[in-house]
Amino acid sequence: MTQPPKSPRQQERERIRRRQAIRSSSVATASTIVFLALVGVLVTTSPGWPRVQETFFSPEAFARSLPDVLHGFWINVQIFLIAEPIILVLGLLVALARGLRAPVFFPLRVLAVVYTDVFRGVPTLLVIMLVGFGLPALQLSGVPSDEITLGVIALVLAYSGYVAEVFRAGIDTVHPSQIAAARSLGLSHGQAMRHVVLPQAVRRVIPPLLNDFVSLQKDTALVSTIGVIESLRQAQIYAAGKFNYTPYLVAALLFILLTIPMARFTDYLSARAARRRGPGGA
Amino acid sequence: MTLLRIEGVWKNYHDQSVLRGIDLDVAAHEVVTLIGASGSGKSTLLRCVNLLETVDDGAIHLDGDEITDVRADVDEVRKRIGMVFQSYNLFPHMTVLENITLAPRKVHKVAQAQAEEQARELLARFGLADKAGEYPDRLSGGQQQRVAVIRAIATQPRLLLLDEVTSALDPILVTEVLSIIRELKDTGMTMILATHEMSFARDISDTVCFLDGGVLLERGAPDQIFSSPEHPRTREFLQRVLDSGRL
Ligand SMILES: Nc1ncnc2c1ncn2[C@@H]1O[C@H](COP(=O)(O)OP(=O)(O)OP(=O)(O)O)[C@@H](O)[C@H]1O
Ligand SMILES: [Mg+2]
């Protein structure tokens, strides 16, 4: 469908809008440059700057440590990639277990409540140390002893509690009338959950879930405490040997590079969800 | 033949009795309307029949089986009863076609192709053939409610419950929903509807029941109830409806 030509009034309106847009973006650019320059001057003129520059911003140490830290970082990524799907499944199961009302499932429900209470309360670092040092000490057969597996187990335990709560919040936002409609069609509780409640709940919790992913990416560094040679540990090794802290900066940069795309994607999804819920939306 | 028998049904919320010993027989192919002021218990009665609420006394029989028996299989009972809600309650993440075929496929184990074919037939019959692939939020209220009716009858229930299915709609959209209900009556569907549309109730019903404070005060043929109500409370209610211009 072609639109009729724009009236002079509308043309004038759009011309002013364009001019305003150009003006606001140039103001934003200018203020950013001024701000960065001020911070730069403040830092580089401080009395300790030459020393900091040498220990934290040494190009030579950067180049030398990069391969090792990068190698370690690949382990962080692997831990994340293995732990995340398990966390999603376990979190969902725990959330569903909390919603079970039939008396047979009573123990399961209690277990789910205790689980979320405990693992949301204990600091992640503590969980990692307890699992990393405690599990192998039991000397049970079949219990893994390699640090990476133990680290994954600990992160899964620590994060599934959070993720379960996120799922539960999502399930609670689905209006009871949806369940009434599903049940009145003859669907069982399980079928109503599977086909009606969960698809709606999951869509709503994707942004907060991605937020937890970002946090998990960072927390993979915590497994260095139980002896996994990942990026932070590699940086530590290098720093201790050379008395230069630049490798920490390398590790920090790598984490940032990993989380930024995820954070932007989360923003994008939240904005899209907000637009959908916006005026007139469902 | 009696399809549904409601015997002395009570329903309490906290210490308040919302239904006080309701007796009602509905014959096969009969259309019964429940009228009465807001809060008189119309929705509650429908929800009890559909077992969305448990009764606090009395019994309900469908096809001779007591469905309020504590050992009755709730899901099995609901397979035989369809319900349409005031707020449509379509599933927003599913297309019109998916909304309609969900129960036939998952509950009645109809093959997908066959379920879709039947759904498309129903959509065509009620003037919605071009909406099969749409999501509910792209439809008008009247269209959504018509889809909700189709969804409820797609499983070929013995009994259809309709709870104020037009009260969320603009007057213009009301007609299109009412015409589909009228068509269902012509196909012999047994229905119980709660409604504030008095002229429609008068037109479509075989029996009109007046509820007042959880009591079924008066029942009869529409002409009798609307022209010569016996009970003063019924007269008073109809007068109020008349004054507000809804008759
Ligand atoms: N879940 C509930 N908990 C407590 N009270 C309830 C509940 N549902 C309904 N009631 C009460 O039961 C009474 C009857 O409600 P019901 O919805 O059956 O009336 P209604 O005749 O359908 O009214 P309306 O015409 O407004 O839809 C009302 O007083 C209402 O407040
Ligand atoms: Mg009601």
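If you're wondering where the values come from, they're calculated on a predicted model, not measured in any experiment.

Cut-off values and rules
- Residues numbered from 1 in each chain as written.
- Chains lettered and ligands numbered in written order.
- Predicted model: local features only at pLDDT ≥ 70, side-chain atom pairs only at ≥ 80, totals over all residues.
- Heavy atoms only, no water.
- Buried < 20%, exposed > 50% of the residue type's maximum accessible area, 1.4 Å probe, protein only.
- Helix = DSSP H or I, 4+ residues; strand = E, 2+ residues; numbered from the N terminus.
- Pairing = 2+ DSSP bridges.
- Axes fitted to C-alpha atoms, helices over the stretch in contact; angles between N-to-C directions.
- Parallel < 35°, antiparallel > 145°, perpendicular 65-115°, else oblique.
- Left-handed = near helix turned anticlockwise from the far one by under 90°.
- Contact = heavy atoms within 4.5 Å.
- Nonpolar A, V, L, I, M, F, W, Y, C, P; charged D, E, K, R; others polar.
- Near = heavy atom within 4 Å.
- Polar contact = N/O pair within 3.5 Å; in protein donor to acceptor, adjacent residues only side chain to side chain.
- Areas by Shrake-Rupley, 256 points an atom, 1.4 Å probe, with all protein chains shown as cover.
- Phe/Tyr/Trp six-rings, centres within 6.5 Å; stacked < 30°, edge-to-face > 60°.
- Lys NZ or Arg CZ within 6 Å of the ring centre and 35° of its normal.

1. Notes on the pairing of strand β3 (residues 31-35) of chain B
The side chains of a regular strand alternate between both faces of the sheet. Residues and elements named next belong to chain B. Within β3, five of the five residues are buried, which leaves the element mostly enclosed by the surrounding structure. Burial along β3 is two-sided: V31, T33 and I35 and V32 and L34, pointing in opposite directions, are all buried. Pairing of β3 with strand β8 (residues 190-194) involves four bridges; the strand directions are parallel. Residue pairing in the sheet places L34 in a bridge with A194 of β8.

2. Concerning the packing of helix α7 (residues 176-184) of chain A against helix α8 (residues 189-219) of chain A
All names here are of chain A. It is at 9 Å that the axes of α7 and α8 come closest, and there the two elements cross at 140°. Taken together, α7 and α8 sit at an angle that is classed as oblique. The two elements α7 and α8 meet at a crossing, and its hand is right-handed. Contact residues: Q178, I179, A182 and R183 in α7; H189, A192, V196, V197 and Q200 in α8. Tallied by class, the residues present in the contact of α7 with α8 amount to five nonpolar, three polar and one charged.

3. As for the site of ligand 1
Residue and element names in this part refer to chain B. Inspection of the region around ligand 1 gives 13 residues, with S38, G39, K42, S43 and T44 positioned closest. Backbone polar atom of G39 to an oxygen atom of ligand 1: 2.8 Å apart, as the coordinates give it. Take G41: an N or O atom from its main chain is 3.0 Å from an oxygen atom of ligand 1. Compared with its free state, where it exposes 630 Å², ligand 1 has 64% of that area covered by protein. Of all the elements in the fold, those that place two or more residues in the shell around ligand 1 are β2 (16-27) and α1 (42-49). Here the shell around ligand 1 takes three residues from α1, the largest share from any one element. Classifying every residue of the shell around ligand 1 by side-chain character gives three nonpolar, eight polar and two charged.

4. Focus on the packing of aromatic side chains
Inspection of the entire model under this criterion finds nine aromatic pairs over all chains. Between F265 of chain A and Y268 of chain A, the aromatic rings sit 6.3 Å apart at their centres with planes inclined by 25°, giving stacked as the arrangement. Taken together, the residues F265 of chain A and Y268 of chain A, both in helix α10 (residues 246-277) and three residues apart, mark about one turn of the helix. Since its relative accessible area comes to 42%, F265 of chain A is described here as partly exposed. Assessed through its relative accessible area of 44%, Y268 of chain A is described here as partly exposed. Linked through ring pairs, F56, Y245 and Y248 of chain A together constitute an aromatic cluster. Residue placement shows K242 of chain A over the ring face of Y238 of chain A; its charged tip is 5.1 Å from the ring centre. One residue, R151 of chain B, lies across the ring of F91 of chain B, its end atom 4.4 Å from the ring centre.

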